[in-house]
Amino acid sequence: MRVLVAGWFSFDEVIATIGDELGADVVTGWLRELGVDHDVAWAPYLQRGPHWRDVDPAQYTHLVFVSGPVSDTPLLRELTDAFAHAQRWAVNVSVVSDAGRALFDQVWERDAPGISRPDLAIGTSTPDVPVLAVAFAPPQEEYGDRSRAGEVRAAIEGWLGARAIPWFELTMDLFEKPHERFPSQVEALIRRADVVLSMRLHALVLGLAHGTPVIACDSIVGGAKVSAQAASLGWPVVLRAGEIDPVTLDAALEHALSGTLTEEIATAQRRGAEGNAAARDWFTRQLQG
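As annotated in an unreviewed UniProt entry, the chain is Polysaccharide pyruvyl transferase from Modestobacter roseus.

Next comes the structure, spelled out in structure tokens:
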């Protein structure tokens, strides 16, 4: 017995969903537990394994199609015709038409007329990984040819993608059509991140204010306000234009997640409070002078 596991992630012609892959993970887990030889068929754009159009169908006794809608579409018919000699099963699928059902010998529906079952993805358990809140800076034309904002952003985005790091963008602008943005929204997101990666001064400041370690990335050659603010707060995890690459970002993330920066975060908060107090005193003197 040898099984080829396929799904909508097996086709270049469509973009599958995370749920499709999670369903396949569950099925391949079953096959491993049962000691059944198997392969997973991946679309070439995903570059993860063999494409079903390139394998020898005669090498497989079973085709198992996992998750998503099932109807009599050209893609599904091409796949099932190629494995006409094999047992063809559909698992965790939404049966859209009887003609689609007829493409398979056995079907475990997650939903069909009169049928409703839990999706397999509810049974998955992936390793916990850190989540980054990322604040990109605009070109900052006031710095002229010293600005490397585009290069730094590209380096960060490439690193996030290559490392498959979960992240969301912190947008710091007060308005994004058609809605206003409020500080409380940004700060709530920061509190829910494990690390803030910031090209912007205020994402650095707010990360430390809320006790979240920060990777500060200064995109201005020679350093500018991001580096200056980190120095004023005593924050050590700072990368500067020209040194921001996968190696330095890996090291900075490891440092940020090490649990060794508690004292530095406390120092930043203390310096911030002292700085605010000094600014208030100065302001008061100006009013009274």
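After presenting the structure, the write-up continues.
Here we look at the sheet that holds strand E1 (residues 2-6)
Strand order in this open sheet of 6 strands is E2-E1-E3-E4-E5-E6, and the pairing throughout is mixed. The outermost strands of the open sheet, each flanked by one partner alone, are strand E2 (37-40) and strand E6 (115-116). Of the strand pairs in this sheet, strand E4 (residues 87-95) and strand E5 (residues 106-112) are connected by 5 bridges, and their pairing is parallel. Within E5, the residue paired with Val91 across the bridge is Trp108. Lying on the sheet, helix H1 (residues 18-34) is in contact with E1, E2, strand E3 (62-70) and E4; it crosses E3 at an angle near 150 degrees. Sheet strands touched by helix H2 (residues 74-82): E1, E3 and E4. Its angle to E3, the strand with the most contacts, is close to 170 degrees.

Looking at the pairing of E3
Most of E3 is tucked away: 8 of the 9 residues are buried. When E1 meets E3, the two strands line up parallel, connected through 4 bridges. When the bridges of E3 are listed, Leu4 appears paired with Leu63. Note that E3 and E4 share 8 bridges and pair parallel. Pairing of Val70 across the sheet is with Val95, part of E4.

Looking at the sheet that holds strand E12 (residues 214-218)
Strand order in the open sheet made by the 5 strands is E8-E7-E11-E12-E13, with parallel pairing throughout. With one partner strand each, in any of the chains shown, strand E8 (167-169) and strand E13 (238-240) form the two edges of the open sheet. Strand-to-strand twist in this sheet, taken as the mean axis angle between neighbours without regard to direction, amounts to 20 degrees. The pairing of strand E7 (residues 132-135) with strand E11 (residues 195-198) spans 4 bridges and is classified as parallel. Counterpart to Leu132 in the pairing with E11 is Val195.

As for the nonpolar core
One finds Leu132, Ile156, Leu170, Leu197, Ile215, Cys217 and Trp235 to be the most contacted residues of the largest nonpolar core, which totals 43 residues. The element best represented in this core is helix H4 (residues 149-162), accounting for 5 residues. When sequence neighbours within four positions are dropped, the list of residues in contact with Leu132 reads Trp159, Leu160, Ile165, Pro166, Trp167, Phe168, Val195, Leu197 and Leu253. Ala6, Val36, Val93 and Phe104 belong to the second largest nonpolar core, which has 37 residues in total.

Some remarks on the UniProt feature "domain: Polysaccharide pyruvyl transferase" (unreviewed entry) in the chain
Taking the numbering used here, the UniProt-annotated feature "domain: Polysaccharide pyruvyl transferase" (unreviewed entry) corresponds to residues 178-218. Here residues 178-218 is 46% helix and 27% strand, with 30 Å between the C-alpha atoms at its ends.

Here's the deal with the domain arrangement of the chain
The domain boundaries assigned to the chain delineate domain 1 (3-122) and domain 2 (132-286). Placing the centre of domain 1 and that of domain 2 at their C-alpha centroids yields a distance of 44 Å.

A closer look at the pattern of salt bridges
For the structure on display, the rule yields 16 salt bridges. The network of salt bridges with shared partners includes Arg2, Asp37 and Asp39.

Quick look at the environment of Thr80
For Thr80, the position within the fold is in helix H2. If we skip the residues at most four places from it in the chain, Thr80 touches Leu63, Arg88, Leu103 and Phe104. At a separation of 2.9 Å, a polar atom in the side chain of Thr80 contacts the main-chain carbonyl oxygen of Leu76.

Overview of H1
The terminal C-alpha atoms of H1, which comprises 17 residues, lie 25 Å apart, in line with the 24 Å expected from a rise of 1.5 Å per residue. Taken together, the buried positions of H1 are Asp20, Leu22, Gly23, Ala24, Val26, Val27, Thr28, Gly29 and Leu31. Packing partners of the buried residues in H1 comprise E1, E2, E3 and E4. The first or second residue beyond H1 is Gly35, which carries a positive phi of 70 degrees.

Focus: the side chain of Asp20
Looking at the secondary structure, you find Asp20 in helix H1. As a buried residue without a salt bridge, Asp20 has its nearest oppositely charged side chain in Arg110, at a separation of 5.3 Å. For Asp20, the side chain forms a polar contact with the main-chain nitrogen of Thr17, separated by 3.0 Å. If we skip the residues at most four places from it in the chain, Asp20 touches Trp8, Phe9, Ser67 and Gly68.

Rules of the game
- Residues numbered from 1 in each chain as written.
- Predicted model: local features only at pLDDT ≥ 70, side-chain atom pairs only at ≥ 80, totals over all residues.
- Heavy atoms only, no water.
- Pairing = 2+ DSSP bridges.
- Helix = DSSP H or I, 4+ residues; strand = E, 2+ residues; numbered from the N terminus.
- Contact = heavy atoms within 4.5 Å.
- Axes fitted to C-alpha atoms, helices over the stretch in contact; angles between N-to-C directions.
- Buried < 20%, exposed > 50% of the residue type's maximum accessible area, 1.4 Å probe, protein only.
- Core = buried A, V, L, I, M, F, W, Y, C linked by side-chain atoms within 4.5 Å.
- UniProt positions renumbered as here; feature names shortened; annotations may be inferred.
- Domains from an automatic or database assignment.
- Salt bridge = Lys/Arg side-chain N within 4 Å of Asp/Glu carboxyl O.
- Polar contact = N/O pair within 3.5 Å; in protein donor to acceptor, adjacent residues only side chain to side chain.
- Expected span 1.5 Å × (residues − 1).
- Lys, Arg positive; Asp, Glu negative; His and termini not counted.

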